[in-house]
Each structure stands twice: as structure tokens, then as C-alpha cells.
Amino acid sequence: MNIRLAEEKDIDSVIKLLTQVLNIHAKIRPDIFIGETTKYTKEELM
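The rules behind the values
For every chain, the first residue of its written sequence is number 1, and the numbers climb from 1 along that sequence. For a predicted model such as this one, the threshold for reporting local features is a pLDDT of at least 70, and the threshold for listing and counting side-chain atom pairs is 80 or more; totals across whole chains, interfaces and linings nevertheless cover every residue. Side-chain calculation: all heavy atoms of the structure are included, whereas hydrogens and water are not. Strands here are runs of E lasting at least two residues and helices are runs of H or I lasting at least four, both read from the DSSP assignment and numbered beginning at the N terminus. Three exposure classes are used, based on accessible area relative to the maximum for each residue type with a 1.4 Å probe and protein chains only: buried under 20%, partly exposed in between, and exposed over 50%. Any two residues whose heavy atoms approach within 4.5 Å at even a single point are treated as in contact. The working definition used for a salt bridge is a side-chain nitrogen of Lys or Arg within 4 Å of a carboxyl oxygen of Asp or Glu.

A short note on the overall build of the protein chain
For the protein chain, the count of helices and strands is two helices and zero strands. Counting only C-alpha atoms and orienting by the principal axes, one finds that the protein chain spans roughly 35 × 25 × 10 Å. Out of the 46 residues belonging to the protein chain, those deemed buried represent 13%.

A few points about the environment of Leu-22
Structurally, Leu-22 can be placed in helix H1 (residues 11–28). Once residues within four sequence positions are removed from consideration, Leu-22 is found in contact with Phe-33, Ile-34, Gly-35, Thr-37 and Thr-38.

Here's the deal with the pattern of salt bridges
Applying the stated criterion across every chain yields a total of four salt bridges. One salt bridge in this structure joins Asp-31 and Arg-29, with 2.6 Å as the shortest N-O distance.

Below, the structure is given as C-alpha cells:
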């Protein structure tokens, strides 16, 4: 496995991963987390 720094071309995949993680948290703690959202916007990751 190669590990590298994320590049701009990876932003869509990073957003997808962040959404999946947040959905897991929202399922367990819907009082704190809102599903189908993400902590960062595409612009913030650029």
C-alpha cells in the first residue's frame, strides 16, 4: 500500500469518505450529528 498526501484530484473521494464517516456518527448520535452532510466543503479542501 502506498500512502501519499491528498491532491486536488482526490477531493471528491475525500468528501465521499467524510460523508460516510459522518453518517455512521449520525446513526449513533443523531442528537449531535446530521447525516448526509460533511465537515468540510469542497472549497475548504482546496
